[in-house]
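# Commentary on secondary and tertiary structure
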Amino acid sequence: MIVCKDLIKIYKVDEENEVMALQGLDLEVEEGELMGIIGSSGSGKSTLLNMLGGLDRPTAGKCLVDGKDLLRLQTKELVSYKLETVGFVWQNNARNIIPYLTAIENVELPMLLKGRHKRERAKEFLELVGMGHRYNNKLTMLSGGEQQRVAIAIALANDPKLLLADEPTGSVDSKTADVVLGVFRELNRSLKKTIVIVSHDTELTKKLDRVVAIRDGKTSSEILRKTYVEEQFQQAVQDEETHEELAVIDRAGRIQIPRDYLESIELGDSNKLRVELEDGRIVLVNPKSS
Ligand SMILES: Nc1ncnc2c1ncn2[C@@H]1O[C@H](COP(=O)(O)OP(=O)(O)OP(=O)(O)O)[C@@H](O)[C@H]1O
C-alpha cells in the first residue's frame, strides 16, 4: 500500500536556511496492515504523515501510495487523492470537525465535497465507530473521546483505503485511548483498512503488531510483535520473547545501533567498532576489548 524509498523533504525556512525534515526515509506498509510510527519530537513523523496524506509534496525520493506516485501527481489528481484514497484523523479536533454542525453533518461534509450526499451511509459510519446513537448531536455536546470517534467516521466518509492518524489519542485519557484504538482495530479487521498511527504514546504503540521508529528523518528500527490478543496483552508485554526489534539498513549499508547496546559493550566516546563475520552472523566488537 505504501512504498517510500530514500524519501527527502526539505523545508525552506527563509532565504538562507533550510530544514531537512526527512533525510532518505524508507518505509513499506502492506495493504491491510495496522501499524505505528514512533519517534522523538522533531524526528519527522508529522512531515511523513503530511507527505502520505498528500498535504505537502516530498522534495525527492520515491513515495507510492496505492500505486500513486506522490511526487508526480498533478494538482487535480492530488485533490482526488486526498478525497478518495486517504482519510486523516488529527489529535487536534479543531482540524477534524466543525463544532456547530451535528455528528452526521460532519460526516456528510467530505461526501458533499465529492459531490455525493448519502445520509444512510454517513449513519453507517457513525454506527461503525459506536456513535450511531449520537448522530444528531452537535459536536460541542460530545466528550473528547466521542469527538475523536466522530473524527474517525469523518475520515471514513469517502471510504478511503488508507487511514492516517496523527496522535489520535493525544488528548484523551488511557481508558478512552483504548476505546479509540479498539475502533481502529475493528476498522482494520472488518473493513480491511490500512491504518498508520503516529504516536508518542508507548502504551498505545505496545498494542500494535508493527511499530517503526524514526530518528533524524530516517527509519531507524522496527518492532514486530505477534498478533495482539486483548486478554494476553499484559502477559505479552512482559515477555521479551514475544517481540523482536529489527534494525533497518539504509541503501548505503548503514544501520543505527540502539544506544543501550553500545553502552553494554562500553564503547565510551569511541566511534569505532570491529566488524566480524562469524558463522553467518555479523558481529560488532569493541576493538579495545580483545
Ligand atoms: N513547515 C515547516 N517549515 C520548516 N520546518 C519544518 C516545518 N515542518 C516541520 N519542520 C521541521 O522539520 C523537522 C521535523 O518536524 P516534524 O513536525 O515532522 O517532527 P515530529 O516528529 O512530528 O515532531 P513532534 O512529535 O514534535 O510533532 C523539525 O526540525 C521541524 O522543526
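Residues numbered from 1 in each chain as written. Predicted model: local features only at pLDDT ≥ 70, side-chain atom pairs only at ≥ 80, totals over all residues.

As recorded in an unreviewed UniProt entry, the protein goes by ABC transporter ATP-binding protein and comes from Metabacillus halosaccharovorans.

## Side note on the overall build of the protein
Helices and strands together make up the secondary structure of the protein, namely 10 helices and 13 strands. When the 290 residues of the protein are sorted by exposure, 34% land in the buried category. Looking at the protein alone, contacts between residues at least 24 apart form 64% of all its contacts between residues at least 6 apart. (Helix = DSSP H or I, 4+ residues; strand = E, 2+ residues; numbered from the N terminus. Buried ≥ 20, exposed ≤ 12 C-beta atoms within 10 Å, placed from the backbone. Contact = placed C-beta atoms within 7 Å.)

## Quick notes on the pairing of strand β1 (residues 2-12)
Every regular strand shows the same layout, with side chains that alternate between the two sheet faces. As defined by bridge partners, β1 adjoins strand β2 (residues 18-29) across nine bridges and the pair is classed as antiparallel. Note on β2: the bridge partner recorded for valine 3 is glutamate 28. Between β1 and β2, which pair antiparallel one after the other, the connecting turn spans five residues. Sheet analysis places β1 next to strand β4 (residues 60-65), joined by five bridges and oriented antiparallel. (Pairing = 2+ DSSP bridges.)

## A look at the packing of helix α4 (residues 103-113) against helix α6 (residues 144-156)
Interaxial distance between α4 and α6 falls to 8 Å at its minimum, and their mutual angle equals 30 degrees. Put simply, α4 runs roughly parallel to α6. By crossing handedness, the relation of α4 to α6 is classed as right-handed. Between α4 and α6, the residues in contact are Ala103, Asn106, Val107 and Pro110 and Val150, Ala153 and Ile154, respectively. (Axes fitted to C-alpha atoms, helices over the stretch in contact; angles between N-to-C directions. Parallel < 35°, antiparallel > 145°, perpendicular 65-115°, else oblique. Left-handed = near helix turned anticlockwise from the far one by under 90°.)

## Here we look at the sheet that holds β4
Ordered by their spatial adjacency, four strands build an open sheet running β2-β1-β4-β5, and the pairing between neighbours is antiparallel. The sheet is open, and its two borders are formed by β2 and β5 (68-69), each paired with just one other strand.

## Some thoughts on the site of the ligand
Residues in contact with the ligand, as listed here, are Tyr11, Val13, Val19, Ala21, Gly39, Ser41, Gly42, Ser43, Gly44, Lys45, Ser46 and Thr47. Residue assignment for the shell around the ligand shows that the elements contributing at least two residues are β2 and α1 (45-52). Of the residues in the shell around the ligand, the class split is four nonpolar, seven polar and one charged. (Near = placed C-beta within 6 Å. Nonpolar A, V, L, I, M, F, W, Y, C, P; charged D, E, K, R; others polar.)

## A look at helix α7 (residues 174-190)
For α7, which comprises 17 residues, the first-to-last C-alpha distance of 24 Å matches the rise-based estimate of 24 Å (1.5 Å per residue) to within 8%. Within α7 the residues assigned to the buried category are Ala177, Val180, Leu181, Val183, Phe184 and Leu187. Taken down its axis, α7 places every buried residue within 145 degrees of arc, on the same side. For α7, the exposed residues set more than 90 degrees away from the buried face come down to Ser174, Lys175, Arg189 and Ser190. On its buried face, α7 sits against β3 (34-38), α5 (119-128), α6, β8 (194-198) and α8 (202-205). Phi for lysine 192, located one or two positions after α7, is positive at around 60 degrees. (Expected span 1.5 Å × (residues − 1). Arc of directions from axis to C-beta.)

## Some thoughts on the packing of α6 against α7
Contact pair α6 / α7: the axes reach a minimum separation of 10 Å and the direction vectors enclose 15 degrees. Between α6 and α7, the angle is such that the two are roughly parallel. Taken as a pair, α6 and α7 cross one another with a handedness that is right-handed. Here α6 contributes Gly144, Gly145, Gln148, Arg149 and Ile152 to the contact with α7, which in turn contributes Thr176, Val179, Val180 and Val183. Partitioned by chemical class, the residues of the contact of α6 with α7 number four nonpolar, four polar and one charged.

## Structural notes on the nonpolar core
If you look at the biggest cluster of nonpolar residues, it comprises 64 residues, and the most contacted ones within it are Val107, Leu126, Ala153 and Leu164. Residue contributions to this core peak at seven residues, all from α6. With residues up to four places along the chain from it excluded, the contact list for valine 107 reads Ala122, Phe125, Leu126, Ala153, Ile154 and Ala157. (Core = buried A, V, L, I, M, F, W, Y, C linked by C-beta atoms within 7 Å.)

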